[in-house]
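Residue-level listing of the chains:
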Protein chains: 2
Amino acid sequence: MPAAIDFYFDFASPYGYFAAARIEALGARCGRPVAWKPIMIGSAFKASGNVPLVEQPLKGPYCRRDWDRLSRLWQVPYRFPEPFPVVALAPSRAFWWLSETRPEAAVPFARAIYAAYFAAGRNIGEVAVTAAVAAELGLDGSALAAAVADPVWKQRLKAETEAAIARGVFGSPFIIVEDEPFWGADRLEMVEEWLKSS
Amino acid sequence: MPAAIDFYFDFASPYGYFAAARIEALGARCGRPVAWKPIMIGSAFKASGNVPLVEQPLKGPYCRRDWDRLSRLWQVPYRFPEPFPVVALAPSRAFWWLSETRPEAAVPFARAIYAAYFAAGRNIGEVAVTAAVAAELGLDGSALAAAVADPVWKQRLKAETEAAIARGVFGSPFIIVEDEPFWGADRLEMVEEWLKSS
């Protein structure tokens, strides 16, 4: 079994959303499984001294334009969500809960959360919205809401985020394959080239 | 005559160097002239609050790896130069001097300066090295050294840098076509798509 493509992302990250639209096809072309790993990128920013793009002068307005263009170029439905950003604790904890209790549902849930936020403009920072998205996939929304409040899954998300930081993750999306790090949706082509030539 | 592709870059910028290797072919494919515009990106960083990549924790070491990969992916000769970065006042002023006095020589000079620094490891921060690179192209190295010290070309570089900042340039490379801004060597594909569909 070849090593997985470790795909780190924050559910509030637009570039993470765009990368998520292409990562599975990339994995399939390269014969690699993809390990989806939602984290809280704000914690990584604290570790690296980074500042969120939208809070930076000039870069903030620029990126909003870039996301619109990327949506057209890659033909991925997108509109700038309000509020933005959100603290995506609820869907992130829920993902890790699903990864242990309904592993086959975790990635479809992640995709649905991303679409709910960046295509449909639903506030995934709210537990009720996260639970509703899960219910639309036939999952148990009440059990999800309970998991989001459970110290076990709070701790799991914290541990996954710390493990990512320890591996050098400093942005979203961030891809690591066999210790080779790639930062940004614009690096998917380079990931593929690297996998095919390694 | 279609509007030019305005190509802003700093001679000390690795991503600027990689973009420079592809920008003319892109312009040719799109039927657009390319206007090369060396600036002092440090001044833009002061305006935007940006910090050079290599000075940032985690991002610095990451980018050195990324440049090595980009060199292989795009098949552009590259090795990390020492010293790095340099303050590229001499070649930048010399470029603007050439753009008025020997316009046909300005872009070949810019390419030669980039290659001298990022492929051959020569210190383009030094006037003598800049003059030597010019002399190898058959240009007058002594006249170049005089131009670099001339208030006229000091002021021209300053004015070009300020004009770039006024247009919203905050990094290198930075491309503007008819007021549409594109930041980074990774956006060349998007520039091309935009030009072809506009």
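Heads up: the structure comes first, above all this text.
Student: Could you clarify how one ought to interpret the overall build of chain A in this entry?
Tutor: Looking only at helices and strands, chain A has nine helices and four strands in total. Going from the N terminus to the C terminus, chain A shows its helices and strands as β-α-β-α-α-α-α-α-α-α-β-β-α. Taking 16 Å as the expected radius of gyration for a compact globule of 198 residues, we find that chain A reaches 16 Å, a close match to that expectation. Expressed as a percentage of its 198 residues, the buried residues of chain A come to 55%. Partitioning the intrachain contacts of chain A with sequence separation of at least 6 by distance along the chain shows that 71% fall at a separation of at least 24. Accessible area of chain A: about 8,300 Å², with a carbon and sulfur share of 54%. Between the mean site of the 21 positive side-chain charges and the mean site of the 22 negative ones, chain A shows a separation of 4 Å.

Student: I would appreciate a short explanation of the sheet that holds strand E1 (residues 5–9) of chain B in the present structure.
Tutor: The strands making up a sheet are joined through hydrogen bonds of the backbone, oriented either antiparallel or parallel. Residue and element names in this part refer to chain B. The sheet built from four strands is open, its strands ordered E2-E1-E3-E4 with mixed pairing. Edge positions in the sheet fall to strand E2 (34–38) and strand E4 (180–183), since each of these pairs with one other strand and no more. On average, each strand axis in the sheet is tilted by 20 degrees relative to the strand beside it, whichever way the strands run. Looking at chain direction, E1 and E2 are connected through five bridges and run parallel. The partner of Phe9 across the bridge, within E2, is Pro38. In the packing of helix H9 (residues 188–197) onto the sheet, the strands contacted are E1, strand E3 (174–177) and E4, and the crossing angle to E3 comes to about 5 degrees.

Student: Which parts of the structure should I look at to understand unusual backbone geometry?
Tutor: With the exception of glycine, the majority of residues adopt a negative phi angle, and the majority of peptide bonds are in the trans configuration. Geometrically, the link from Phe84(A) to Pro85(A) is a cis peptide bond, its omega value of -10 degrees lying close to zero. With respect to the helices, strands and loops of the structure, Pro85(A) is situated in the loop between helix H3 (59–74) and helix H4 (89–101). Positive phi outside glycine occurs at Asp179(A), with the angle close to 70 degrees. For Asp179(A), a relative accessible area of 58% puts it in the exposed group. Phi at Glu178(B) takes a positive value of approximately 45 degrees, unusual for a residue other than glycine.

Student: Even after reading the chapter, I still don't get the interface of chain A and chain B, so can you show me in this structure?
Tutor: Interfaces are often described in size by the accessible area the parts lose on coming together. Taken together, the contacts link 26 residues of chain A with 26 residues of chain B. Summed over both sides, the interface between chain A and chain B buries roughly 2,600 Å², with carbon and sulfur atoms accounting for 62% of that surface. When the shortest N-O distance is used, the salt bridge between Glu180(B) and Arg69(A) registers 2.9 Å. Our enumeration of links across chain A and chain B arrives at 12 residue pairs in polar contact (both at pLDDT 80 or more). Residue assignment for the side of chain A that touches chain B shows that the elements contributing at least two residues are H3, strand E4 (180–183) and helix H9 (188–197) of chain A.

Student: What's the story with the relation of the copies chain A and chain B in this structure? I'm lost.
Tutor: One copy of the chain maps onto the other through a rotation about an axis plus a displacement along that axis. Mapping chain A onto chain B leaves a residual RMSD of 0.0 Å; the transformation is a rotation of 180 degrees accompanied by 0.0 Å of translation along its axis. In symmetry terms, the pair is related by a two-fold rotation axis. In terms of C-alpha distance to the rotation axis, chain A has Asp186(A) as its closest residue, with the C-alpha 3.2 Å off the axis. A high fraction, 100%, of the interface residues of chain A reappear at the interface in chain B, so the copies pair face to face through one surface.

Student: Would you mind going over the side chain of Gln56(A) with me for this structure?
Tutor: As for its placement among the helices and strands, Gln56(A) is situated in the loop between helix H2 (41–48) and H3. Using a relative accessible area of 15% as the deciding quantity, one classes Gln56(A) as buried. Residues in contact with Gln56(A), not counting those within four places in the same chain, are Val51(A), Pro61(A) and Asn50(B).

Student: For this particular structure, what's the right way to read a negative patch on the surface?
Tutor: A contiguous patch of negative charge, built from Glu189(A), Glu193(A), Glu189(B) and Glu193(B), is present on the exposed surface. Listing elements by their share of the negative patch, those giving two or more residues are H9 of chain A together with H9 of chain B. Residue placement: Glu193(A) occurs in helix H9. A residue is classified by how much of its surface remains accessible, and Glu193(A), at 39% relative accessible area, is partly exposed.

Student: How do you make sense of the pairing of E4(A) when you look at a structure like this?
Tutor: Successive side chains on a regular strand alternate, one facing one side of the sheet and the next facing the other. As judged from the four bridges shared by strand E3 (residues 174–177) of chain A and E4(A), these two strands associate in the antiparallel manner. By the bridge assignment for E4(A), Ile175(A) is matched with Phe182(A).

Student: What should I look at first to understand the sheet that holds strand E1 (residues 5–9) of chain A in this one?
Tutor: Residue and element names in this part refer to chain A. Read from one edge to the other, the open sheet built from four strands follows the order E2-E1-E3-E4, with strand pairing classed as mixed. Looking at the sheet topology across the chains shown, the edges are occupied by strand E2 (34–38) and E4. For this sheet, the mean inter-axis angle between neighbouring strands, taken without regard to orientation, is 20 degrees. Of the strands in this sheet, E1, E3 and E4 are in contact with H9, which crosses E3 at around 5 degrees.

Student: Looking at this model, I keep getting lost on the packing of aromatic side chains. Mind explaining?
Tutor: The geometry of an aromatic ring pair is captured by the separation of the ring centres together with the interplanar angle, meaning the angle of the planes. Residue and element names in this part refer to chain A. Under the criterion given, the structure shown has 48 aromatic pairs over all chains. Between Phe9 and Trp36, the ring centres sit 5.7 Å apart and the planes meet at 85 degrees, which makes this aromatic pair edge-to-face. A residue pair is termed long-range when its members are at least 10 positions apart, and Phe9 in strand E1 and Trp36 in strand E2 qualify at 27 residues. Neither residue differs from the other here; Phe9 and Trp36 are each classed as buried.

Student: Would you mind showing me how to read helix H1 (residues 14–30) of chain A here?
Tutor: For the α-helix, the turn length of 3.6 residues means that residues three or four positions removed from each other point alike. All names here are of chain A. Along its 17 residues, H1 runs 25 Å from first to last C-alpha, staying within 8% of the 24 Å computed at 1.5 Å per residue. Where H1 bends most, the angle comes to about 35 degrees, and this point is Arg22. Taken together, the buried positions of H1 are Pro14, Tyr15, Gly16, Tyr17, Phe18, Ala19, Ala20, Ile23, Leu26, Gly27 and Cys30. Contact partners of the buried residues in H1: E1, E2, H3, helix H5 (103–118), E3 and H9. Just past H1, the residue Gly31 takes up positive phi, approximately 65 degrees.

The rules we used
Residues numbered from 1 in each chain as written. Chains lettered and ligands numbered in written order. Predicted model: local features only at pLDDT ≥ 70, side-chain atom pairs only at ≥ 80, totals over all residues. Heavy atoms only, no water. Helix = DSSP H or I, 4+ residues; strand = E, 2+ residues; numbered from the N terminus. Rg over C-alpha atoms; globule rule 2.2 N^0.38 Å. Buried < 20%, exposed > 50% of the residue type's maximum accessible area, 1.4 Å probe, protein only. Contact = heavy atoms within 4.5 Å. Areas by Shrake-Rupley, 256 points an atom, 1.4 Å probe, with all protein chains shown as cover. Lys, Arg positive; Asp, Glu negative; His and termini not counted. Charge placed at Lys NZ, Arg CZ, Asp CG, Glu CD. Pairing = 2+ DSSP bridges. Axes fitted to C-alpha atoms, helices over the stretch in contact; angles between N-to-C directions. Buried area = accessible area lost by both parts, 1.4 Å probe. Salt bridge = Lys/Arg side-chain N within 4 Å of Asp/Glu carboxyl O. Polar contact = N/O pair within 3.5 Å; in protein donor to acceptor, adjacent residues only side chain to side chain. Least-squares fit on C-alpha atoms with pLDDT ≥ 70 in both. Patch = residues over 30% accessible without salt bridge, like charges linked within 9 Å, V, L, I, M, F, W, Y side chains within 5 Å. Phe/Tyr/Trp six-rings, centres within 6.5 Å; stacked < 30°, edge-to-face > 60°. Expected span 1.5 Å × (residues − 1). Bend = angle between axes of the 7 residues up to and from the residue.

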